[in-house]
Amino acid sequence: MSNETARDAADNRRILAGLRVLEVGRNVCVPYAGYLLAALGATVAKLVQDDDPATLCRTDEDSIYDRLNGRKQFVGAAQVAGLAVDVVIADSRDIADVPASDGLVSVLRVTPLDGPPVADSALLSALSAATWSMGEPGRAPVSMPAQTAAFIAGVVFAGATLAKVLGNEVGRQELSGLNALNAFVDQNSTSYLHSKIGWRREGRRAAGSAGIYPYGIFDCSDGEVALIGRSRGDWTKIAHSFGASDVRERYPDPFDIARHRADEVDAALQPYIDTLTKAEVMAAAEQEGVLAVPVSTLDDVLAFDNLHTERFFWDASGTFPGLPFLVNT
Amino acid sequence: MSIADIRVLDLGWVWAGPLVGAAFADLGADVVKVESSARLDPYRLRGVERDSRYTAENRHEASPSFHKLNRGKRSLTIDLRNPAGRDLVLRLAEHADLLIENFRAGTLARLGLGWPELRLRNPALVALSMSAGGQVGRWRDMKAYALVTTALAGYESLVAYDGEPPVGGATFGIADPNISSFGVLAAMAGIWRARRTGNGTHIDLSGVESVVAVLGAALVLHEGATLPSIEITARCAGDDLWLLTALTGVDDLARLLATIDGTDSAHRWAELVVSADARAALHGDVERWTAARDRDDAVKLLAEAGITVTPVLSLEERNATAAVRDRTMRIVHPVTGAEPILQSPWGTVDVPAPAPRLGEHTDQVLTEWLDLSDAEIAELRTTGALS
């Protein structure tokens, strides 16, 4: 990308230039919402309170706290009174804690929790049943990865904040981070409940949910790959890609496999994939037009050169993600 | 101006695109779903493909997933491959604030409905394109479903037991709803700007990047930052019942050890944040205490000690919580009857109308938005544009 093009991309992204936000956020949800609004060009002033070092993740100089708040203006309580803002975003557990303002006020309250904010993400995952859905049958459920639930809630909160601004809604509003996770779970579990399939830990696959086989993660010789089929034709291509046409002939109906024979067919298919590398799986899949991708590690993700653009891995570290969209004005 | 004044042309299908439209509909916007009987939204059949309660005539009106993602919208059928249909979309775009689409990259452009054509008709339009890999770059031609997106983005590799290969989250897919959340944010921002400046925007949203974006904390930890908390999921008495506790430092650890009578043990915070073996040893001690106790009793005791703790709720338990129960609307669909639908996390101004039947509002929308006469609509039908 040329310098000129890079600058254009950065300027175009600032579509919220002129929006003034006061952030009273100690948790991850609201600071991430503020981060996103700032990335879009809003002026975000962050109220720093005396006990702020106790906030989540401020454990060392290279922390999540610093990444989330690097593009904000820090203000003390004494400066807030004179600050002209359009909207206040907060994660105070007591709405009355939010500074009085003539501006619009939206308050994020993560209900119904009452503990220190540091753990909110894992608790959101546990309370929404997301955790319960992940892991191996008979073993402990697995939580969503570090702070992912809180980041997800932050994206929703940023959008909800703009909805309040667009709607000219004045007054204190409460939104819950848990509602965001509950909505994710609701959408995922709907067809399971309708089809009376248990929406719970199935290890690496979603046998019934997708309605068709395969839909899951498989081992290969140097890692894992995700394989997905959406039709009888896909199943034929997948089996053929890996030289497993005999498996396809023995099990012709991918709907039936998903519901009744997933374990059996996993065991039959796996030996054909075990011997291949991720690259070989990808090459075979590409040749047949099969939906398969490697299960990337974070090292793999950081090595994707197409993500190292002015609009994505954009901060000085080159490793903290920005906005996942390009803005063409 | 309020959200109710916003007009949305929703060309989305399957999950991610329609969810953005549903968020706007819940907030009171006028959302018109543009769909085609020639190429049905696959989610019209989601979960009911083999449901014997429905016939070939009404099966496409029966999917609960479709109903959730399209509540509060009106349905207009247009064949986008028909030249008159294409022209109709451009005319509708002249009256819209937001156009949503999540076809494969380049599809709308090939149909003559790309950003240049849309902007020419309506300079204030916000067009939201959502695809797996964005409209430009290496992944632009990628076809993807949820697990493909999250696997490529690194999320699946992180859903794992400590020190084991990934187990992944196949039954709980974050890809589509997460892309939608970024879509709502980007669309709201674009509309805010359009109202101030009169200038529209094309948002080119990438599904893979949307997933990587919410892995920011994981990426920082991957670089070597210290674990901010230690989470323990421990089995309790009974069948498959668990609690989750999260410790944030030495004080939490001391309180936990005092509660489980483990004050003589050698657990040290500094070691726990760097050593999986140390965490496994602590987990063992905690589970020896929880395994003999009723889950809710154990949660109560730990909470009383000042420790952050929660039961790991099953789906049935979650559905019974006030956070879900009190926010569940019952919307009556003419084909399937009353259905529970959770309110949008972005807010809901009223109980929305049920998801539309295919083409239910074609005439109504063409009359309201374009002021077409019955004769003009009949003429369009003869061309096949409204199928």
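Keep in mind it's a predicted model, so treat the numbers as computed, not measured. (Residues numbered from 1 in each chain as written. Chains lettered and ligands numbered in written order. Predicted model: local features only at pLDDT ≥ 70, side-chain atom pairs only at ≥ 80, totals over all residues.)

All names here are of chain B. With respect to the helices and strands, the residue Gly28 is situated in the loop between helix H1 (16–26) and strand S2 (30–35). Look at Gly28 and you get buried, because 20 C-beta atoms sit within 10 Å. Setting aside residues up to four positions removed in sequence, Gly28 forms contacts with Ile3, Ala4 and Val349. (Helix = DSSP H or I, 4+ residues; strand = E, 2+ residues; numbered from the N terminus. Buried ≥ 20, exposed ≤ 12 C-beta atoms within 10 Å, placed from the backbone. Contact = placed C-beta atoms within 7 Å.)

As a measure of interface size, the accessible area lost when the parts come together is often cited. Chain A puts 103 residues into the contact, and the matching count from chain B is 99 residues. With four bridges joining them, strand S10 (residues 325–328) of chain A and strand S6 (residues 201–206) of chain B adopt antiparallel strand pairing. Looking across to S6(B), one finds that A:Phe325 is bridged to B:Leu205. (Pairing = 2+ DSSP bridges.)

A few words on the pairing of strand S8 (residues 242–247) of chain B. Residue and element names in this part refer to chain B. With respect to burial, S8 is a largely interior element, six of its six residues being buried. The two faces of S8 match: Trp242, Leu244 and Ala246 on one face and Leu243, Thr245 and Leu247 on the other face are all buried. Here strand S7 (residues 230–235) pairs with S8 via six bridges, running antiparallel. Each residue of the ladder has a partner; that of Ile232, found in S8, is Thr245. Relative to strand S9 (residues 308–311), S8 runs antiparallel, the two being bridged by four bridges. Following the sheet pairing, Thr245 is matched in S9 by Val309.

On to the sheet that holds strand S8 (residues 223–228) of chain A, then. Backbone-to-backbone hydrogen bonds join strands into a sheet, with any given pair of strands oriented parallel or antiparallel. All names here are of chain A. Here we have three strands laid out as an open sheet, ordered S7-S8-S9, and antiparallel in their pairing. At either end of the open sheet lies a strand with only one pairing partner, and these are strand S7 (215–220) and strand S9 (291–294). Sheet twist, expressed as the average angle between the axes of neighbouring strands with direction ignored, equals 25°. Summarising the sheet, S7 and S8 pair through six bridges and their orientation is antiparallel. (Axes fitted to C-alpha atoms, helices over the stretch in contact; angles between N-to-C directions.)

Residue and element names in this part refer to chain A. Its 21 residues place the ends of helix H10 (residues 254–274) only 21 Å apart at the C-alpha level, less than the 30 Å of an ideal helix rising 1.5 Å per residue. Roughly 110° is the biggest bend found in H10, and it falls at Arg261. Restricting attention to buried positions, one finds in H10 the residues Pro254, Ile257, Ala258, Ala262, Val265, Leu269 and Ile273. The secondary structure elements touched by the buried residues of H10 are S7, helix H8 (232–241), helix H9 (245–250) and helix H11 (278–288). (Expected span 1.5 Å × (residues − 1). Bend = angle between axes of the 7 residues up to and from the residue.)

So, on to the confidence of the model for chain B. On average, chain B scores 94 in pLDDT, and the residues at 70 or more come to 99%. For this predicted complex, the interface score ipTM comes out at 0.96, alongside a pTM of 0.94. (pLDDT = per-residue confidence, 0-100.)

Below, the discussion takes up the nonpolar core. Counting 224 residues, the largest nonpolar core has A:Ile152, A:Ala226, B:Leu99 and B:Leu128 as the members making the most contacts within it. Looking at which element gives the most residues to this core, the answer is helix H6 (residues 148–166) of chain A, with 14 residues. The contacts of A:Ile152, once residues within four sequence positions are left out, are A:Ala180, A:Leu181, A:Phe184, B:Ile174, B:Asn178, B:Ser181 and B:Val214. (Core = buried A, V, L, I, M, F, W, Y, C linked by C-beta atoms within 7 Å.)

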